[in-house]
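Secondary and tertiary structure notes
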Amino acid sequence: MQLPQTPSFRLEGRRALITGASRGIGLGAACALAQAGAQVVLAARSADELEAVCDALHLAGHQATAMTLDVSDTDAVQKSITAAGPFDILINNAGVNRPGPMVDMSPADFDTVMNVNVRAAYFVAQSVLRQMIEAGRGGSIINTSSQMGHVGGIDRTVYCASKFAIEGITRSLAIEVGEHNIRVNTVCPTFIATPLTEKTLADPERVAWITSKIKLGRIGQIEDVMGAFVFLASDAASLITGTSLLVDGGWTAG
Ligand SMILES: NC(=O)c1ccc[n+]([C@@H]2O[C@H](COP(=O)([O-])OP(=O)(O)OC[C@H]3O[C@@H](n4cnc5c(N)ncnc54)[C@H](OP(=O)(O)O)[C@@H]3O)[C@@H](O)[C@H]2O)c1
C-alpha cells in the first residue's frame, strides 16, 4: 500500500520578501523562513538594524539580504522590489499603531496608520504580484493582519479599520490570483511582546484585559507566530487561500 506523504514544510529554492523585518514579528518571520531554507530579503527603514539581523542570519548559515525601504514611498517600493524580484513568498508585515480613544484621534494619526497598514501593504503586494505572475511559478502572499482584523479592541478604532481592510484585500486578491496558483492569506496574532506593544504591555490595566481574553492566559512571544508563516508559505498549505490563520491564544473563540 502506498501511504500519502505530507507535503513539504521546507522552503529551499524559494525567495521571500519580508517587510518590517528589522524587529518584532517581521524579524521572527524572516528567521522562520530562513531556517526553513528560503533565501530571505529583509525590508525596513532602519539600515543598521537590518544589517545586524542579516549578519546574524549569515553567521547561522542562512541566505539573507537587506533592503532599506520606506514602504509608504510607492515609487521606491516599485523600484526596489522590481530590482530585487521575482519573489515566491511575500510576508507583508510592516505596520504601525496609534492607540487611543476616537475622540482624541487626529487626522494625522489616522493617516499614518492607514498609510502604512493599508496603502503601503496594498502597493507592496502589487509590486511583488506583477513579477510573481510573470514568473509563472505560483506563490504565497501572507499579510500580517491581527485578531483586530476580526474583533474590536479598546483604543483601536483606527487600527481595527486598517486590519479589517487587510482582511478584505486578502479575500478579494485570493479570488483574483488563484488561477496563477498564487495563494493569499493573513496571519492574525493576538498581543505579542514587541516594540509595538511595549507601551500597552506596560499598563497593568491593559495587561489584565489582555490576559483575561487570551484563553491560554499569557501574552504571545515572537516565537509563537513563526510557525504560522512557514506553514502558509509552504506546500503543506497548497489548498489554503483567502483565509486567516488566527494565532490568538483563543481570544476570538468567545
Ligand atoms: N505585536 C503585536 O501584538 C501584533 C499583533 C497583531 C498584529 N501585529 C502586526 O504585526 C506587524 C508587525 O508588528 P510588530 O509588533 O512586529 O511591530 P514593531 O516591533 O513595531 O515592528 C514594526 C516593523 O515595521 C517596520 N516599519 C514600520 N513602518 C515602516 C515603513 N514606513 N517602511 C518600512 N518598514 C516599516 C519597522 O521597521 P523600521 O522602523 O526600521 O522601518 C519594523 O521592522 C504589524 O503589521 C502589526 O500591526 C502586531
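Just so we're clear, the structure is a prediction, and the values are computed from it rather than from any experiment.

**So, the pattern of salt bridges**
Scanning the model with the defined rule gives eight salt bridges in all. The closest approach of N and O atoms between R206 and D155, which form a salt bridge, is 3.0 Å. Here D155 lies in the loop between β5 (139-144) and α5 (157-177) and R206 lies in helix α7 (residues 204-213), a separation of 51 residues in the sequence. Among the ionic pairs, R218 bridges to D224, the shortest N-O distance being 2.9 Å. With a relative accessible area of 43%, R218 lands in the partly exposed category.

**Things to note about the site of the ligand**
Looking at the ligand, there are 29 residues lining it, with S22, R45, S46, Y159 and T194 nearest. The separation between an oxygen atom of the ligand and a polar main-chain atom of I25 is 2.7 Å. Here a nitrogen atom of the ligand and a side-chain polar atom of D70 are 2.9 Å apart. Protein contact buries 95% of the 880 Å² of open area that the ligand shows by itself. For the shell around the ligand, the elements supplying multiple residues, two or more each, are α1 (24-35) and α5.

**A few points about α5**
Helix length check: α5, at 21 residues, gives a terminal C-alpha distance of 30 Å against a target of 30 Å (1.5 Å per residue), a fit within 8%. Among the residues of α5, those classed as buried are V158, Y159, C160, S162, K163, I166, E167, T170, L173, A174 and V177. Looking at the buried residues of α5, the elements they touch are α4 (107-135), β5, β6 (182-189) and β7 (244-247).

Conventions adopted
Residues numbered from 1 in each chain as written. Predicted model: local features only at pLDDT ≥ 70, side-chain atom pairs only at ≥ 80, totals over all residues. Heavy atoms only, no water. Salt bridge = Lys/Arg side-chain N within 4 Å of Asp/Glu carboxyl O. Helix = DSSP H or I, 4+ residues; strand = E, 2+ residues; numbered from the N terminus. Buried < 20%, exposed > 50% of the residue type's maximum accessible area, 1.4 Å probe, protein only. Near = heavy atom within 4 Å. Polar contact = N/O pair within 3.5 Å; in protein donor to acceptor, adjacent residues only side chain to side chain. Areas by Shrake-Rupley, 256 points an atom, 1.4 Å probe, with all protein chains shown as cover. Expected span 1.5 Å × (residues − 1). Contact = heavy atoms within 4.5 Å.

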